[in-house]
There are 2 protein chains.
Amino acid sequence: MPEEPTQALRFGKARTARSAALLEDYVELIADLLAAHGEARAIDVAKRLGVTHPTAIKSIARLKREGLATARPYRGIFLTEAGRKLADRVRARHRLVVKLLLAVGVPAEAAEADAEGMEHHASEATLKAFARFLARAK
Amino acid sequence: MPEEPTQALRFGKARTARSAALLEDYVELIADLLAAHGEARAIDVAKRLGVTHPTAIKSIARLKREGLATARPYRGIFLTEAGRKLADRVRARHRLVVKLLLAVGVPAEAAEADAEGMEHHASEATLKAFARFLARAK
DNA sequence: AGCGCAATGTAGCCAAAGCTATATTCAAGT
DNA sequence: ACTTGAATATAGCTTTGGCTACATTGCGCT
Ligand SMILES: [Mn+2]
Ligand SMILES: [Mn+2]
Ligand SMILES: [Mn+2]
Ligand SMILES: [Mn+2]
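Predicted model, so just to flag it, every value in this text is computed and none were measured.

Scoring rules and cut-offs
- Residues numbered from 1 in each chain as written.
- Chains lettered and ligands numbered in written order.
- Predicted model: local features only at pLDDT ≥ 70, side-chain atom pairs only at ≥ 80, totals over all residues.
- Heavy atoms only, no water.
- Helix = DSSP H or I, 4+ residues; strand = E, 2+ residues; numbered from the N terminus.
- Expected span 1.5 Å × (residues − 1).
- Buried < 20%, exposed > 50% of the residue type's maximum accessible area, 1.4 Å probe, protein only.
- Contact = heavy atoms within 4.5 Å.
- Donors = N, O, S within 2.8 Å, 3.2 Å for Na, K, Ca; no water.
- Domains from an automatic or database assignment.
- Buried area = accessible area lost by both parts, 1.4 Å probe.

Here's the deal with helix H4 (residues 81–103) of chain B
Residues three or four positions apart in an α-helix share a direction because the helix packs 3.6 residues into each turn. Look at H4 of chain B: 33 Å from first C-alpha to last across 23 residues, which is about the 33 Å you get at 1.5 Å a residue. Every buried residue belonging to H4 of chain B is among Gly-83, Leu-86, Ala-87, Val-90, Arg-91, Arg-93, His-94, Leu-96, Val-97, Val-98, Leu-100 and Leu-101 of chain B, and all of these are buried. Buried residues in H4 of chain B make contact with helix H6 (124–137) of chain A together with helix H1 (4–37), strand E2 (77–79), helix H5 (108–118) and helix H6 (124–137) of chain B.

As for the side chain of Gln-7 of chain A
Inspection of the secondary structure assignment puts Gln-7 of chain A in helix H1 (residues 4–37). The class for Gln-7 of chain A is buried, based on a relative accessible area of 6%. Beyond its immediate sequence surroundings of up to four residues, Gln-7 of chain A is in contact with Met-1 and Pro-2 of chain A together with Leu-29 and Arg-48 of chain B.

A word on the coordination of the manganese ion (ligand 2)
Residue and element names in this part refer to chain A. Protein coordination at the manganese ion (ligand 2) comes from Glu-28 (OE), His-94 (ND1), Glu-116 (OE), Glu-119 (OE) and Glu-119 (OE), with a distance range of 2.2 to 2.7 Å. Motif for the manganese ion (ligand 2), donor spacing along one chain: E-x65-H-x21-E-x2-E. The metal-metal distance between the manganese ion (ligand 2) and the manganese ion (ligand 1) comes to 3.5 Å, with Glu-116 coordinating both. With Glu-28 in helix H1 and His-94 in helix H4 (residues 81–103), this residue pair connects regions lying 66 residues apart in the sequence. Exposure class is identical for Glu-28 and His-94. Each is buried.

Points about the domain arrangement of chain A
Residue and element names in this part refer to chain A. Entries for chain A in the domain assignment read domain 1 (4–81) and domain 2 (85–137). For domain 1 and domain 2, the distance between their C-alpha centroids amounts to 19 Å. Taken together, the 13 residues of domain 1 in the interface contact 11 residues of domain 2. Carbon and sulfur atoms supply 56% of the area buried between domain 1 and domain 2, which totals about 1,000 Å² over both sides. Of all residues in domain 1, Glu-24, Glu-28 and Glu-81 give up the largest surface area on contact with domain 2, accounting jointly for 47% of the area buried on that side.

As structure tokens, then:
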């Protein structure tokens, strides 16, 4: 068993990542919708995430509070500069995690599904290692 | 972008995994403490997880409600048969995820820390692939 | 036996993330 | 211009998982 303080730090990191996961998924999805359709309506975000629209609207309010998004009523959602930055990082990370899973032989649908949760826990060190592995094993 | 219903299913799976994560970490930790010290006191669980003891006690109450643990007051926590089963699965999964991360070149501390969060999102298909990869790349 | 400290437990607060139900607003079609 | 349906917003409830502050219990020592 690991040392107590070490282990507490690890669990703490996992909790932090868990609480950031929701915002990350939202900005990534909003960026995708903006890229694909030129707009991101709350109701589409809700459908894509599989939640009800009040839930989506409440989370989008949190995005606004945290300076990641803006929304003109009945005009859809837009990302701030910070939101776009985050979306870019998150999307790149997502893709890298999926690629790594595929590279070690995980079936495509499982890779996509599991990456949706795992991505939020991949630290910089891990992502670097993934990139090196993929370059080497190419 | 993936199809809407597919994507909603993936996000739903991630949400389910996230909400199971806490219970999984608790039973794994309790099993480790029982193995290492013959008992698992609430306060030690709290210290290891890096939360306050009322938080730990409340979560342990949830474990009891869900039939995973029992506790005689001032006597520490014990796992039910279901709890032990879950702990075994969770521990095996944890180890496998760590091993996979190490095998692709993730530094040890990052592997341990990231696995603490990622493990909860590794599906059966993914775990199987990890095992095959490790056997092959041995 | 009794004291005092540590462990345990309880109460009560908060924010996040889900839901249903209801109200409001917009925009399209007649 | 009206109507009406869909999108958006609000209200209010629940559970989870954090916290602090306080109360109780049990045990080891003297
Ligand atoms: Mn995700
Ligand atoms: Mn993602
Ligand atoms: Mn874990
Ligand atoms: Mn674990």
